[in-house]
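Letter by letter, the chains look like this.
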Amino acid sequence: MAVLVTGGAGYIGSHMVLALIDAGHDEVVVLDDLSTGFDWALPPEVTLVRGDVADQTLVAETIRRHNIDALAHFAAKIVVPDSVSDPLGYYLANTVKSRALIEAAIGAGVRHVIFSSTAAVYGEPAVVPVPEDLPPNPINPYGRSKLMTEWMLEDAARAHGISYVVLRYFNVAGADPRGRSGQSTPNATHLIKVATQAALGKRGQLEVFGTDYPTPDGSCLRDYIQVSDLAAAHLVALNHLRGGGASLTLNCGYGRGYSVLEVIDVVKSVSGVDFPVKLSPRRAGDPSRIVAGADRIRAELGWVPQHDDLREIVTQALAWEEALGRRNRI
Ligand SMILES: NC(=O)c1ccc[n+]([C@@H]2O[C@H](COP(=O)([O-])OP(=O)(O)OC[C@H]3O[C@@H](n4cnc5c(N)ncnc54)[C@H](O)[C@@H]3O)[C@@H](O)[C@H]2O)c1
Ligand SMILES: O=c1ccn([C@@H]2O[C@H](COP(=O)(O)OP(=O)(O)O[C@H]3O[C@H](CO)[C@H](O)[C@H](O)[C@H]3O)[C@@H](O)[C@H]2O)c(=O)[nH]1
(Lines give C-alpha, C1' and ligand atoms only; values in the text may rest on other atoms or scores of the structure.)
(Ligands and ions follow the chains in the order given, each with its own letter.)
Protein backbone atom coordinates (compact mmCIF):
# COMPACT_ATOMS: atom_id res chain seq x y z
CA MET A 1 0.00 0.00 0.00
CA ALA A 2 1.22 3.49 -0.81
CA VAL A 3 0.95 6.91 0.81
CA LEU A 4 -0.25 10.04 -0.98
CA VAL A 5 1.42 13.19 0.34
CA THR A 6 -0.31 16.40 -0.75
CA GLY A 7 2.02 19.39 -0.54
CA GLY A 8 4.96 16.97 -0.50
CA ALA A 9 7.15 19.39 -2.46
CA GLY A 10 6.78 22.00 0.28
CA TYR A 11 8.81 22.60 3.42
CA ILE A 12 7.25 20.15 5.88
CA GLY A 13 5.85 17.76 3.27
CA SER A 14 9.30 17.21 1.74
CA HIS A 15 10.61 16.16 5.17
CA MET A 16 7.70 13.72 5.45
CA VAL A 17 8.67 12.28 2.06
CA LEU A 18 12.27 11.85 3.26
CA ALA A 19 11.07 10.23 6.48
CA LEU A 20 8.92 7.76 4.54
CA ILE A 21 11.79 6.85 2.23
CA ASP A 22 14.27 6.58 5.10
CA ALA A 23 11.82 4.23 6.83
CA GLY A 24 11.74 1.95 3.78
CA HIS A 25 8.37 2.88 2.26
CA ASP A 26 8.92 1.91 -1.35
CA GLU A 27 6.09 3.85 -2.93
CA VAL A 28 5.54 7.49 -2.07
CA VAL A 29 3.32 9.63 -4.29
CA VAL A 30 3.24 13.43 -4.02
CA LEU A 31 0.37 15.59 -5.26
CA ASP A 32 1.52 19.20 -5.47
CA ASP A 33 0.73 22.18 -7.69
CA LEU A 34 4.20 23.64 -6.99
CA SER A 35 2.63 26.97 -6.02
CA THR A 36 5.06 27.27 -3.11
CA GLY A 37 6.87 23.92 -3.38
CA PHE A 38 9.78 22.75 -5.56
CA ASP A 39 10.17 19.60 -7.62
CA TRP A 40 13.89 19.59 -6.76
CA ALA A 41 12.95 19.11 -3.11
CA LEU A 42 11.86 15.56 -3.94
CA PRO A 43 14.14 12.53 -4.20
CA PRO A 44 14.12 10.91 -7.67
CA GLU A 45 12.33 7.74 -6.54
CA VAL A 46 9.21 9.72 -5.59
CA THR A 47 6.31 10.03 -8.04
CA LEU A 48 5.25 13.67 -8.42
CA VAL A 49 1.75 14.28 -9.70
CA ARG A 50 1.52 17.96 -10.51
CA GLY A 51 -1.98 19.27 -9.88
CA ASP A 52 -4.52 20.71 -7.50
CA VAL A 53 -5.84 18.83 -4.47
CA ALA A 54 -9.34 19.93 -5.47
CA ASP A 55 -9.10 18.15 -8.85
CA GLN A 56 -11.25 15.19 -7.84
CA THR A 57 -10.69 13.25 -11.06
CA LEU A 58 -6.92 13.53 -10.69
CA VAL A 59 -7.06 12.62 -6.99
CA ALA A 60 -9.23 9.55 -7.59
CA GLU A 61 -7.12 8.36 -10.54
CA THR A 62 -3.90 8.82 -8.56
CA ILE A 63 -5.25 6.91 -5.56
CA ARG A 64 -6.49 4.00 -7.68
CA ARG A 65 -3.40 3.81 -9.90
CA HIS A 66 -0.98 3.67 -6.97
CA ASN A 67 -3.12 1.58 -4.61
CA ILE A 68 -3.07 4.30 -1.96
CA ASP A 69 -4.58 3.55 1.45
CA ALA A 70 -3.31 6.59 3.40
CA LEU A 71 -3.36 10.30 2.74
CA ALA A 72 -1.11 12.85 4.45
CA HIS A 73 -2.60 16.25 3.64
CA PHE A 74 -0.08 19.09 3.89
CA ALA A 75 -1.10 21.30 0.95
CA ALA A 76 -2.36 24.68 2.14
CA LYS A 77 -1.83 28.40 2.30
CA ILE A 78 0.03 29.09 5.50
CA VAL A 79 0.76 32.75 6.23
CA VAL A 80 -1.28 34.14 9.14
CA PRO A 81 -1.20 37.87 8.17
CA ASP A 82 -2.04 37.02 4.53
CA SER A 83 -5.10 35.17 5.79
CA VAL A 84 -6.26 38.37 7.47
CA SER A 85 -6.02 40.36 4.22
CA ASP A 86 -7.30 37.51 1.99
CA PRO A 87 -9.68 35.44 4.12
CA LEU A 88 -11.71 34.07 1.21
CA GLY A 89 -8.52 32.89 -0.51
CA TYR A 90 -7.61 31.01 2.66
CA TYR A 91 -11.05 29.46 3.09
CA LEU A 92 -10.88 28.32 -0.54
CA ALA A 93 -7.37 26.86 -0.27
CA ASN A 94 -7.62 25.31 3.17
CA THR A 95 -11.29 24.49 3.63
CA VAL A 96 -13.10 24.23 0.29
CA LYS A 97 -10.25 22.39 -1.45
CA SER A 98 -9.74 20.08 1.52
CA ARG A 99 -13.41 19.17 1.35
CA ALA A 100 -13.05 18.20 -2.32
CA LEU A 101 -9.89 16.22 -1.56
CA ILE A 102 -11.41 14.32 1.37
CA GLU A 103 -14.49 13.45 -0.67
CA ALA A 104 -12.46 12.18 -3.63
CA ALA A 105 -10.03 10.30 -1.37
CA ILE A 106 -12.75 8.48 0.55
CA GLY A 107 -14.59 7.72 -2.69
CA ALA A 108 -11.43 6.18 -4.16
CA GLY A 109 -10.82 3.95 -1.14
CA VAL A 110 -8.45 5.82 1.21
CA ARG A 111 -8.77 4.40 4.74
CA HIS A 112 -6.52 6.70 6.77
CA VAL A 113 -5.88 10.45 6.76
CA ILE A 114 -3.21 12.48 8.54
CA PHE A 115 -4.06 16.17 8.49
CA SER A 116 -1.67 19.09 8.98
CA SER A 117 -3.51 21.33 11.39
CA THR A 118 -2.11 24.14 13.45
CA ALA A 119 -1.76 25.67 16.89
CA ALA A 120 -3.60 28.61 15.35
CA VAL A 121 -6.88 26.74 16.05
CA TYR A 122 -6.40 27.63 19.74
CA GLY A 123 -6.26 31.38 19.11
CA GLU A 124 -5.18 33.21 22.24
CA PRO A 125 -5.50 30.34 24.75
CA ALA A 126 -6.31 31.06 28.38
CA VAL A 127 -4.15 28.10 29.41
CA VAL A 128 -0.49 27.74 28.39
CA PRO A 129 0.80 25.09 27.68
CA VAL A 130 -2.42 24.38 25.82
CA PRO A 131 -3.98 20.90 26.09
CA GLU A 132 -5.76 19.35 23.09
CA ASP A 133 -9.13 19.31 24.80
CA LEU A 134 -9.23 23.08 25.30
CA PRO A 135 -12.09 24.27 23.08
CA PRO A 136 -10.57 25.76 19.92
CA ASN A 137 -11.08 29.47 19.42
CA PRO A 138 -9.06 30.69 16.43
CA ILE A 139 -8.46 34.43 16.10
CA ASN A 140 -7.46 34.57 12.44
CA PRO A 141 -8.88 33.21 9.16
CA TYR A 142 -5.93 30.82 8.78
CA GLY A 143 -6.78 29.10 12.07
CA ARG A 144 -10.50 29.08 11.28
CA SER A 145 -9.91 27.64 7.80
CA LYS A 146 -7.93 24.78 9.34
CA LEU A 147 -10.37 24.16 12.18
CA MET A 148 -13.23 23.72 9.73
CA THR A 149 -11.21 21.08 7.94
CA GLU A 150 -10.57 19.28 11.23
CA TRP A 151 -14.34 19.21 11.75
CA MET A 152 -15.08 18.01 8.22
CA LEU A 153 -12.54 15.24 8.56
CA GLU A 154 -13.90 14.16 11.94
CA ASP A 155 -17.49 14.03 10.64
CA ALA A 156 -16.57 12.33 7.37
CA ALA A 157 -14.45 9.73 9.18
CA ARG A 158 -17.35 8.87 11.46
CA ALA A 159 -19.80 8.64 8.58
CA HIS A 160 -17.55 6.63 6.25
CA GLY A 161 -15.64 4.44 8.70
CA ILE A 162 -12.15 5.78 8.05
CA SER A 163 -9.58 6.80 10.68
CA TYR A 164 -7.51 9.95 11.02
CA VAL A 165 -4.86 11.71 13.03
CA VAL A 166 -5.09 15.50 13.20
CA LEU A 167 -1.67 16.92 14.05
CA ARG A 168 -1.73 20.47 15.35
CA TYR A 169 1.74 21.78 14.61
CA PHE A 170 3.21 24.57 16.65
CA ASN A 171 5.97 26.63 14.97
CA VAL A 172 7.94 24.44 12.64
CA ALA A 173 11.60 25.28 12.06
CA GLY A 174 15.02 23.87 11.22
CA ALA A 175 16.02 21.57 8.38
CA ASP A 176 16.87 17.98 7.56
CA PRO A 177 19.96 17.13 9.67
CA ARG A 178 21.52 15.54 6.55
CA GLY A 179 20.99 18.75 4.56
CA ARG A 180 18.58 17.24 2.00
CA SER A 181 15.73 19.72 2.52
CA GLY A 182 14.79 22.84 4.41
CA GLN A 183 12.60 25.95 4.28
CA SER A 184 13.05 27.24 0.73
CA THR A 185 10.09 29.58 0.23
CA PRO A 186 11.14 32.90 -1.30
CA ASN A 187 9.90 35.90 0.71
CA ALA A 188 9.19 33.61 3.66
CA THR A 189 7.70 35.22 6.73
CA HIS A 190 8.67 32.70 9.42
CA LEU A 191 10.77 34.15 12.20
CA ILE A 192 13.71 31.73 12.24
CA LYS A 193 13.96 31.71 8.43
CA VAL A 194 13.86 35.51 8.27
CA ALA A 195 16.40 35.84 11.09
CA THR A 196 18.87 33.49 9.37
CA GLN A 197 18.46 35.55 6.19
CA ALA A 198 19.25 38.69 8.17
CA ALA A 199 22.32 36.97 9.63
CA LEU A 200 23.53 36.06 6.14
CA GLY A 201 22.95 39.57 4.79
CA LYS A 202 20.08 38.48 2.49
CA ARG A 203 17.89 40.97 4.34
CA GLY A 204 19.00 44.31 5.66
CA GLN A 205 17.30 43.92 9.03
CA LEU A 206 14.86 41.90 11.09
CA GLU A 207 11.66 43.47 12.35
CA VAL A 208 10.20 42.46 15.71
CA PHE A 209 6.44 42.63 15.38
CA GLY A 210 5.22 43.87 18.73
CA THR A 211 7.07 44.51 21.98
CA ASP A 212 4.04 45.36 24.12
CA TYR A 213 2.53 41.89 24.52
CA PRO A 214 1.72 40.59 28.02
CA THR A 215 4.79 38.31 28.01
CA PRO A 216 8.02 38.49 30.07
CA ASP A 217 9.93 40.60 27.48
CA GLY A 218 6.93 42.01 25.59
CA SER A 219 7.50 39.95 22.39
CA CYS A 220 5.42 36.92 21.34
CA LEU A 221 6.09 33.44 22.72
CA ARG A 222 6.12 30.41 20.42
CA ASP A 223 6.94 26.69 20.71
CA TYR A 224 9.45 25.85 17.93
CA ILE A 225 9.41 22.21 16.78
CA GLN A 226 12.14 20.80 14.53
CA VAL A 227 10.85 19.70 11.15
CA SER A 228 12.28 16.14 11.10
CA ASP A 229 10.89 15.49 14.57
CA LEU A 230 7.54 16.58 13.17
CA ALA A 231 7.91 14.28 10.16
CA ALA A 232 8.69 11.42 12.54
CA ALA A 233 5.42 12.14 14.36
CA HIS A 234 3.61 11.56 11.05
CA LEU A 235 5.32 8.21 10.62
CA VAL A 236 4.22 6.96 14.02
CA ALA A 237 0.73 8.31 13.32
CA LEU A 238 0.66 6.36 10.05
CA ASN A 239 1.73 3.15 11.77
CA HIS A 240 -0.88 3.75 14.45
CA LEU A 241 -3.67 4.13 11.89
CA ARG A 242 -2.57 1.20 9.74
CA GLY A 243 -2.38 -0.90 12.89
CA GLY A 244 -6.06 -0.24 13.55
CA GLY A 245 -5.55 2.59 16.05
CA ALA A 246 -8.33 5.03 16.87
CA SER A 247 -8.63 8.52 15.44
CA LEU A 248 -6.70 11.15 17.41
CA THR A 249 -6.09 14.89 17.60
CA LEU A 250 -2.60 15.70 18.88
CA ASN A 251 -0.44 18.75 19.50
CA CYS A 252 3.03 18.72 17.95
CA GLY A 253 5.41 20.84 19.99
CA TYR A 254 7.98 20.51 22.74
CA GLY A 255 6.04 22.24 25.51
CA ARG A 256 8.47 25.16 25.90
CA GLY A 257 8.05 28.70 24.59
CA TYR A 258 10.70 31.13 23.36
CA SER A 259 10.10 34.82 22.80
CA VAL A 260 10.89 36.53 19.52
CA LEU A 261 13.73 38.40 21.26
CA GLU A 262 15.14 35.14 22.66
CA VAL A 263 15.08 33.55 19.19
CA ILE A 264 16.93 36.56 17.77
CA ASP A 265 19.60 36.23 20.48
CA VAL A 266 20.11 32.55 19.60
CA VAL A 267 20.38 33.32 15.86
CA LYS A 268 22.92 36.08 16.58
CA SER A 269 24.90 33.80 18.87
CA VAL A 270 24.91 30.79 16.50
CA SER A 271 25.73 32.88 13.41
CA GLY A 272 28.14 35.27 15.15
CA VAL A 273 26.47 38.16 13.31
CA ASP A 274 24.94 41.12 15.14
CA PHE A 275 22.42 41.99 12.40
CA PRO A 276 20.17 45.07 12.72
CA VAL A 277 16.86 44.59 14.53
CA LYS A 278 13.99 47.05 14.29
CA LEU A 279 11.24 47.15 16.90
CA SER A 280 7.94 47.49 15.01
CA PRO A 281 4.22 47.53 15.80
CA ARG A 282 2.21 44.32 16.22
CA ARG A 283 1.43 42.23 13.13
CA ALA A 284 -2.23 41.41 12.33
CA GLY A 285 -3.55 38.10 13.64
CA ASP A 286 -0.73 37.21 16.05
CA PRO A 287 -1.60 35.61 19.40
CA SER A 288 0.72 36.70 22.22
CA ARG A 289 1.78 33.23 23.40
CA ILE A 290 1.18 29.71 22.26
CA VAL A 291 2.95 26.70 23.72
CA ALA A 292 2.00 23.05 23.25
CA GLY A 293 0.74 20.76 25.94
CA ALA A 294 3.09 18.08 24.65
CA ASP A 295 2.25 14.94 26.65
CA ARG A 296 -0.56 13.35 24.68
CA ILE A 297 1.39 12.58 21.51
CA ARG A 298 4.09 10.86 23.58
CA ALA A 299 1.53 8.83 25.48
CA GLU A 300 -0.62 7.89 22.49
CA LEU A 301 2.01 7.34 19.80
CA GLY A 302 5.25 6.87 21.75
CA TRP A 303 6.79 9.78 19.83
CA VAL A 304 10.20 10.75 21.18
CA PRO A 305 11.71 13.94 19.74
CA GLN A 306 15.38 13.84 18.73
CA HIS A 307 16.06 17.55 18.06
CA ASP A 308 14.49 19.44 20.95
CA ASP A 309 17.16 22.14 21.08
CA LEU A 310 16.74 25.69 19.76
CA ARG A 311 20.46 26.12 19.01
CA GLU A 312 20.44 22.94 16.93
CA ILE A 313 17.29 24.09 15.08
CA VAL A 314 18.86 27.47 14.32
CA THR A 315 22.14 25.83 13.25
CA GLN A 316 20.24 23.64 10.76
CA ALA A 317 18.20 26.59 9.45
CA LEU A 318 21.35 28.64 8.97
CA ALA A 319 23.14 25.79 7.15
CA TRP A 320 20.15 25.35 4.83
CA GLU A 321 19.97 29.06 4.11
CA GLU A 322 23.67 29.06 3.23
CA ALA A 323 23.20 26.04 0.97
CA LEU A 324 20.31 27.76 -0.85
CA GLY A 325 22.56 30.74 -1.50
CA ARG A 326 25.37 28.51 -2.84
CA ARG A 327 22.94 26.82 -5.23
CA ASN A 328 21.65 30.22 -6.33
CA ARG A 329 18.18 29.07 -5.45
CA ILE A 330 17.35 32.09 -3.34
N1 LIG B 1 5.26 26.02 8.71
C2 LIG B 1 4.66 26.02 9.91
O3 LIG B 1 5.19 26.55 10.90
C4 LIG B 1 3.32 25.35 10.07
C5 LIG B 1 2.71 25.39 11.33
C6 LIG B 1 1.48 24.77 11.50
C7 LIG B 1 0.88 24.09 10.44
N8 LIG B 1 1.48 24.08 9.23
C9 LIG B 1 0.81 23.37 8.13
O10 LIG B 1 1.74 22.47 7.51
C11 LIG B 1 1.41 22.30 6.15
C12 LIG B 1 2.64 22.48 5.29
O13 LIG B 1 3.18 23.78 5.50
P14 LIG B 1 4.60 24.19 4.91
O15 LIG B 1 5.23 25.11 5.91
O16 LIG B 1 5.35 23.01 4.46
O17 LIG B 1 4.15 25.09 3.66
P18 LIG B 1 4.69 25.10 2.15
O19 LIG B 1 4.06 26.30 1.51
O20 LIG B 1 6.16 24.97 2.10
O21 LIG B 1 4.06 23.78 1.54
C22 LIG B 1 2.76 23.70 1.02
C23 LIG B 1 2.83 22.81 -0.23
O24 LIG B 1 1.51 22.62 -0.72
C25 LIG B 1 1.48 22.90 -2.11
N26 LIG B 1 0.12 23.34 -2.41
C27 LIG B 1 -0.52 24.44 -1.93
N28 LIG B 1 -1.78 24.49 -2.40
C29 LIG B 1 -1.95 23.39 -3.18
C30 LIG B 1 -3.05 22.88 -3.91
N31 LIG B 1 -4.23 23.50 -3.94
N32 LIG B 1 -2.89 21.72 -4.58
C33 LIG B 1 -1.69 21.08 -4.58
N34 LIG B 1 -0.63 21.50 -3.89
C35 LIG B 1 -0.75 22.66 -3.19
C36 LIG B 1 2.56 23.94 -2.34
O37 LIG B 1 3.05 23.98 -3.67
C38 LIG B 1 3.63 23.46 -1.35
O39 LIG B 1 4.49 22.50 -1.93
C40 LIG B 1 0.29 23.31 5.86
O41 LIG B 1 -0.94 22.61 5.87
C42 LIG B 1 0.35 24.27 7.03
O43 LIG B 1 -0.90 24.84 7.31
C44 LIG B 1 2.68 24.71 9.00
O1 LIG C 1 10.07 38.91 10.69
C2 LIG C 1 9.41 38.49 11.65
C3 LIG C 1 8.66 37.28 11.55
C4 LIG C 1 7.94 36.89 12.66
N5 LIG C 1 7.94 37.62 13.80
C6 LIG C 1 7.17 37.18 14.99
O7 LIG C 1 7.60 35.88 15.31
C8 LIG C 1 6.52 35.11 15.80
C9 LIG C 1 6.38 33.85 14.97
O10 LIG C 1 5.94 34.23 13.68
P11 LIG C 1 5.99 33.23 12.42
O12 LIG C 1 5.56 34.03 11.23
O13 LIG C 1 7.30 32.55 12.38
O14 LIG C 1 4.92 32.12 12.78
P15 LIG C 1 3.41 32.26 13.27
O16 LIG C 1 3.43 32.04 14.76
O17 LIG C 1 2.75 33.48 12.76
O18 LIG C 1 2.72 31.06 12.52
C19 LIG C 1 3.30 29.78 12.35
O20 LIG C 1 2.86 28.93 13.35
C21 LIG C 1 1.48 28.89 13.49
C22 LIG C 1 1.20 27.95 14.61
O23 LIG C 1 1.63 28.52 15.84
C24 LIG C 1 0.80 28.55 12.17
O25 LIG C 1 0.49 27.22 12.01
C26 LIG C 1 1.45 29.08 10.91
O27 LIG C 1 1.23 28.26 9.76
C28 LIG C 1 2.87 29.25 11.00
O29 LIG C 1 3.25 30.16 9.98
C30 LIG C 1 5.28 36.01 15.72
O31 LIG C 1 5.09 36.60 16.96
C32 LIG C 1 5.69 37.08 14.71
O33 LIG C 1 5.05 38.32 14.91
C34 LIG C 1 8.67 38.79 13.89
O35 LIG C 1 8.67 39.46 14.93
N36 LIG C 1 9.39 39.18 12.81
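Worth saying up front: this structure is predicted, and the values here are computed from it rather than measured.

Trainee: Before we move on, can you summarise the environment of K146 with the specific residues and values?
Mentor: If you trace the backbone, K146 turns up in helix α5 (residues 141–160). Residue classification places K146 among the buried positions, given a relative accessible area of 3%. Along the chain, K146 and P131 lie 15 residues apart, while their C-alpha atoms are 18 Å from each other. Not counting chain neighbours up to four residues away, the residues in contact with K146 comprise A76, N94, F115, S116, S117, T118 and V121.

Trainee: I'd like a description of the nonpolar core, backed by residues and values.
Mentor: Membership of the largest hydrophobic core comes to 63 residues, with the highest contact counts inside it found for V5 and I192. Counting residues per element, this core draws most heavily on helix α7 (residues 227–242), at eight residues. Once you skip the residues sitting within four places of it in the chain, V5 turns out to touch G13, M16, V17, L20, V28, V29, V30, L31, A72 and F74. Membership of the second largest hydrophobic core comes to 27 residues, among which are V49, V53, A108 and V110.

Trainee: Report on the site of ligand 1, specifying residues and quantitative values.
Mentor: Taken together, 28 residues surround ligand 1, and among them D32, T36, F74, Y142 and K146 come closest. Between ligand 1 and I12, the relevant distance is 2.8 Å, taken from an oxygen atom to a main-chain nitrogen or oxygen of the residue. Contact distances for ligand 1 include 3.0 Å between an oxygen atom and a backbone N or O atom of S35. Mapped by element, the contributors of at least two residues to the shell around ligand 1 are α1 (11–22), β5 (112–118) and α5. Counting residues per element, the shell around ligand 1 draws most heavily on β5, at three residues. The residue makeup of the shell around ligand 1, split by class, is 13 nonpolar, 10 polar and five charged.

Trainee: Explain empty space enclosed by the protein to me, and be specific about the residues and the numbers.
Mentor: Evaluated as defined, the whole model comprises two cavities of 30 Å³ or more. The volume enclosed by the largest cavity comes to roughly 70 Å³. Lining the largest cavity we find 14 residues, and of these A9, G10, F38, G182 and S184 sit closest to its centre. The residue inventory of the lining of the largest cavity, partitioned by class, reads six nonpolar, eight polar and no charged. Its boundaries defined by the atoms lining it, the second largest cavity holds a volume of some 30 Å³. Surrounding the second largest cavity, L71, H73, L101, I102, V113, F115, T149 and L153 form its lining. Looking at the lining of the second largest cavity, the elements that each hand over two or more residues are β4 (68–73), α4 (87–107), β5 and α5. For the lining of the second largest cavity, the class distribution of residues is six nonpolar, two polar and no charged.

Trainee: Account for α7, with residues named and values stated.
Mentor: The terminal C-alpha atoms of α7 lie 23 Å apart, and with 16 residues this matches the ideal 22 Å at 1.5 Å per residue to within 8%. Those residues of α7 that sit buried are V227, S228, D229, L230, A231, A233, H234, L235, A237, L238, H240 and L241. Capping the start of α7 is the job of one residue whose side-chain oxygen sits 2.7 Å from the backbone nitrogen of S228: Q226. Following α7 by one or two positions, G244 has its phi on the positive side, about 90 degrees.

Trainee: Could you give an account of the site of ligand 2, with specific residues and numbers?
Mentor: Neighbouring residues of ligand 2: 20 residues in total, closest T118, H190, E207, R222 and D286. Between ligand 2 and T189 there is a distance of 3.4 Å, counted from an oxygen atom to a backbone nitrogen or oxygen. In this structure, D286 approaches ligand 2 through a side-chain N or O atom, which is 2.6 Å from an oxygen atom. In isolation ligand 2 has 680 Å² of accessible area, and contact with the protein removes 93% of it.

Trainee: Could you give me a rundown of the sheet that holds strand β1 (residues 2–6), with the residues and numbers involved?
Mentor: Strand order in the open sheet formed by seven strands is β3-β2-β1-β4-β5-β6-β11, with parallel pairing between adjacent strands. Edge positions in the open sheet fall to β3 (47–50) and β11 (248–252), since each of these has one partner strand only. Strand-to-strand twist across the sheet, computed as the mean angle between neighbouring axes with direction ignored, equals 20 degrees. In terms of strand pairing, β1 meets strand β2 (residues 28–32) through four bridges, oriented parallel. The residue of β2 that forms the bridge with V3 is V28. Along the sheet face, α7 touches β1, β4, β5, β6 (163–169) and β11 and points at about 165 degrees away from the line of β6.

The rules behind each value
- Residues numbered from 1 in each chain as written.
- Chains lettered and ligands numbered in written order.
- Predicted model: local features only at pLDDT ≥ 70, side-chain atom pairs only at ≥ 80, totals over all residues.
- Heavy atoms only, no water.
- Helix = DSSP H or I, 4+ residues; strand = E, 2+ residues; numbered from the N terminus.
- Buried < 20%, exposed > 50% of the residue type's maximum accessible area, 1.4 Å probe, protein only.
- Contact = heavy atoms within 4.5 Å.
- Core = buried A, V, L, I, M, F, W, Y, C linked by side-chain atoms within 4.5 Å.
- Near = heavy atom within 4 Å.
- Polar contact = N/O pair within 3.5 Å; in protein donor to acceptor, adjacent residues only side chain to side chain.
- Nonpolar A, V, L, I, M, F, W, Y, C, P; charged D, E, K, R; others polar.
- 1 Å grid on protein atoms, 1.4 Å probe; cavity = no way out; pocket = protein on both sides within 12 Å on 5 of 7 lines; lining within 4 Å.
- Points joined across faces, edges and corners; volume = space filled by probe spheres on them.
- Expected span 1.5 Å × (residues − 1).
- Areas by Shrake-Rupley, 256 points an atom, 1.4 Å probe, with all protein chains shown as cover.
- Pairing = 2+ DSSP bridges.
- Axes fitted to C-alpha atoms, helices over the stretch in contact; angles between N-to-C directions.

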